[in-house]
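Take a look at the letters that make up each chain.
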Amino acid sequence: MATSNLDFPFCHDVGKYERITKIGQGTFGEVFKARDRKTGRLVALKKVIMENEKEGFPITALREIKILQLLKHENVVDLIEICRTKPTQFNRSKGSIYLVFEFCAHDLAGLLSNANVKFTLGEIKKTMLQLLEGLFYIHRNKILHRDMKAANVLITKNGVLKLADFGLARAFSFTKSGQANRYTNRVVTLWYRPPELLLGDRDYGPPIDLWGAGCIMTEMWTRSPIMQGHTEQQQLTLISQLCGSIAPQVWPGVEKYDLFQKMDLPKGQKRKVKERLKAYVRDQYALDLIDKLLTLDPKHRIDSDEALNHDFFWTEPLPCDLMNMLSQHKTSMFEYLAPPRKPNHAQGSSAQAHARHGPHGAVAHQQQQPTDPSYDRIF
Ligand SMILES: Nc1ncnc2c1ncn2[C@@H]1O[C@H](COP(=O)(O)OP(=O)(O)OP(=O)(O)O)[C@@H](O)[C@H]1O
Ligand SMILES: [Mg+2]
């Protein structure tokens, strides 16, 4: 049924919010900063793209809404309500649907791309603590995020971190009766994609989000994504060069993946996570936690509960509130709006800014783009 024929008596008109500015251009829609005309509360409006209108309301948006309605936690973005526009002659008689979120002043990708923003070790601990608390909560509620990356991690002006963008999220269950799950494998932005997905695993679980957490944690120091592959093959090569060869000795059962034979996996690589990152990450506890998050075998990768108990969070300097640091940065720090890193690339368009965070999987139907040359190389 076409949504234009429907009346939504319990759905407010989006006109109750006054649009301020565009803050994001995602694969799945535009995001606007807006203000509730009555209360003055700031919100983010995410428009649901109705690409294939004939098929009715997009199933991906329905899934995102259902999941967000279930998740209520300090470290998960809050979906306030769903709004609509009435069908009029100005929108070809097709109304739109908007997801209304609490507004967050920053996204982590934007903050990290701004050299003026400096995190102390205590502030990095607070950021990772909140990120892992969010993951612990969603995983306990049987939800996989499936698109962990710095651009999907929001931070309020008060320094509260919120996991956002549940556009690729799904519910999961541990298989009973020994039958394997058959989830789609084309998820997670390439640079943050764990080795089991790159090898075609379809029976994955929470460890896929912890790999992303490891990439994000490292980025708190390197300021750029650490493994910027152009293709799935190259991503596997980069992972092997950092985390050591993908082999049954370190990952029992890996040989059972079809792609283990088909992909060209570098042999004889030593694991160099700590060695290569120590120039950036001076703290031994931090290096140890990163090492455990970037574990090749998902069964041995640290989970959010263990990670939260890691000494990193329980040794001096202790996690320290982000509010003070953020109060010095009043200007917009969204990835979409952030200035390009190198002056010669000042003409960076929104499309470019978006590409910086790497190509999506096929789910997003985005072409695999080469890495933006303005992005700093880490190794
Ligand atoms: N609640 C919010 N407050 C402030 N900014 C937000 C909020 N939600 C989203 N944004 C901004 O909009 C961007 C895109 O939002 P989101 O990730 O939810 O959409 P998407 O279409 O799924 O994006 P993508 O394809 O880039 O993953 C975010 O990276 C962030 O910069
Ligand atoms: Mg996003």
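Residues numbered from 1 in each chain as written. Chains lettered and ligands numbered in written order. Predicted model: local features only at pLDDT ≥ 70, side-chain atom pairs only at ≥ 80, totals over all residues. Heavy atoms only, no water.

Colleague: I'm lost on the pattern of salt bridges in this one. Help?
Modeller: Note on pairing: side chains with opposite charge can pair once their charged atoms come close. This model, assessed by the stated rule, comprises 15 salt bridges. Residue E232 is joined to R186 by a salt bridge in which the shortest nitrogen-to-oxygen separation is 3.0 Å. Taken together, the residues span a long stretch of sequence, with E232 in helix α6 (residues 232–243) and R186 in the loop between β11 (170–171) and α4 (195–198) at a distance of 46 residues. Judged by relative accessible area, R186 falls into the partly exposed class, the value being 31%. (Salt bridge = Lys/Arg side-chain N within 4 Å of Asp/Glu carboxyl O. Helix = DSSP H or I, 4+ residues; strand = E, 2+ residues; numbered from the N terminus. Buried < 20%, exposed > 50% of the residue type's maximum accessible area, 1.4 Å probe, protein only.)

Colleague: Where do I start with the side chain of R301 in this structure?
Modeller: Secondary-structure assignment places R301 in the loop between α9 (284–293) and α10 (304–308). When its relative accessible area of 4% is taken as the criterion, R301 is described as buried. At 3.0 Å, the side chain of R301 forms a polar contact with the backbone oxygen of L296. For R301, the contacting residues outside a window of four places in its chain are P194, P195, E196, P207, I208, L210, W211, K292, L293, T295 and L296. (Polar contact = N/O pair within 3.5 Å; in protein donor to acceptor, adjacent residues only side chain to side chain. Contact = heavy atoms within 4.5 Å.)

Colleague: Explain the nonpolar core here, please?
Modeller: Most often, soluble globular proteins have nonpolar side chains that are buried together. In this structure, L108, F119, L131, F166, M217, W221 and I246 are the most contacted members of the largest nonpolar core, which totals 99 residues. Broken down by element, the residue count for this core peaks at nine residues, all from helix α5 (residues 207–222). Counting only domains with at least three residues in this core, you end up with domain 1 (11–102) and domain 2 (106–378). Counting residues in each nonpolar core, the second largest holds nine residues, with V14, A34, Y98 and V100 among its members. (Core = buried A, V, L, I, M, F, W, Y, C linked by side-chain atoms within 4.5 Å. Domains from an automatic or database assignment.)

Colleague: Explain the coordination of the magnesium ion (ligand 2) here, please?
Modeller: Taken together, the protein ligands of the magnesium ion (ligand 2) are N152 (OD1) and D165 (OD), with distances of 2.1 Å. With a gap of 13 residues between them, N152 in the loop between β8 (143–144) and β9 (153–155) and D165 in the loop between β10 (161–163) and β11 connect regions that are remote in the sequence. (Donors = N, O, S within 2.8 Å, 3.2 Å for Na, K, Ca; no water.)

From the geometry alone we can't say anything about function, so treat these as descriptive.
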